[in-house]
Amino acid sequence: MLTNVSKHSGARCAWVRLSFDNGLLRMVVGDDGRGGATFDAGTGLAGVRRRLAAFDGTMTVTSPPGGPTVVTMELPCELSSRKTSPSSGTG
């Protein structure tokens with residue numbers, strides 16, 4: 001996603017947010033660029049969406065002309081390790 005931002009958006013800044021809740025990993029990437037991002041054939045966004053779909057993931061893009069662009073990707077998953085913090089004396 002950040003490669004797309006640097007190559008195509010003309011953005012001055014971008015941000016990434018990751019969250020995990022109830023078995024769902026959510027990744028949100030946004031920028032203040034020119035907007036107009038689509039899933040049209042030949043775009044990197046279509047490839048990422050296709051890869052996510054293989055694992056029951058989803059991807060949405062909000063990118064009106066003039067920006068901003070916000071891409072939200074969601075992927076069902078479980079944490080592989082439930083380690084506790086070192087200060088707790090376990091894990």
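Refer to the structure printed above.
Here the structure is a predicted model, which is why all the values come from computation and not from measurement. (Residues numbered from 1 in each chain as written. Predicted model: local features only at pLDDT ≥ 70, side-chain atom pairs only at ≥ 80, totals over all residues. Heavy atoms only, no water.)

Caption draft 1: How the structure looks around the overall build of the chain. Across its full length, the chain carries 2 helices and 4 strands. In the chain, which comprises 91 residues, the proportion classed as buried is 24%. When contacts within the chain are restricted to residue pairs at least 6 apart in sequence, long-range pairs at least 24 apart make up 51% of them. (Helix = DSSP H or I, 4+ residues; strand = E, 2+ residues; numbered from the N terminus. Buried < 20%, exposed > 50% of the residue type's maximum accessible area, 1.4 Å probe, protein only. Contact = heavy atoms within 4.5 Å.)

Caption draft 2: Representation of the environment of Ala53. If you trace the backbone, Ala53 turns up in helix α2 (residues 44-53). With a relative accessible area of 44%, Ala53 lands in the partly exposed category. For Ala53 and Leu75, which are 22 residues apart along the polypeptide, the C-alpha to C-alpha distance reads 8.7 Å.

Caption draft 3: Here's a closer look at the sheet that holds strand β1 (residues 14-21). The sheet built from 4 strands is open, its strands ordered β1-β2-β4-β3 with antiparallel pairing. If you trace the sheet from one side to the other, it starts and ends with β1 and β3 (58-62), each paired once. Ignoring which end each strand starts from, the neighbouring axes of this sheet average 10° apart. As paired strands, β1 and strand β2 (residues 24-31) are joined by 8 bridges and run antiparallel to one another. In the sheet register, Phe20 faces β2, and the bridge partner there is Leu25. Contacts from α2 reach β3 and β4 (69-76) within the one sheet, and its direction differs from that of β3 by about 150°. (Pairing = 2+ DSSP bridges. Axes fitted to C-alpha atoms, helices over the stretch in contact; angles between N-to-C directions.)

Caption draft 4: Focus on the environment of Ala14. Tracing the backbone through its elements, the reader meets Ala14 in strand β1. Judged by relative accessible area, Ala14 falls into the partly exposed class, the value being 39%. C-alpha of Ala14 to C-alpha of Gly30: the two residues are 16 residues apart in sequence and 5.5 Å apart in space. For Ala14, the contacting residues outside a window of four places in its chain are Leu2, Val5, Gly30 and Asp31.

Caption draft 5: View of the packing of aromatic side chains. With the rule as written, the count across this model stands at 0 aromatic pairs. Of note, Arg17 hangs over the ring of Trp15, and the distance from its end group to the ring centre comes to 4.4 Å. A cation over a ring is seen here: Arg49 above Phe39, with NZ or CZ 3.8 Å from the ring centre. (Phe/Tyr/Trp six-rings, centres within 6.5 Å; stacked < 30°, edge-to-face > 60°. Lys NZ or Arg CZ within 6 Å of the ring centre and 35° of its normal.)

Caption draft 6: Expanded view of the nonpolar core. Ranked by size, the top nonpolar core spans 7 residues in total: Met27, Val29, Leu45, Leu52, Met59, Val71 and Met73. Broken down by secondary-structure element, the contributors of at least two residues to this core are β2, α2 and β4. (Core = buried A, V, L, I, M, F, W, Y, C linked by side-chain atoms within 4.5 Å.)

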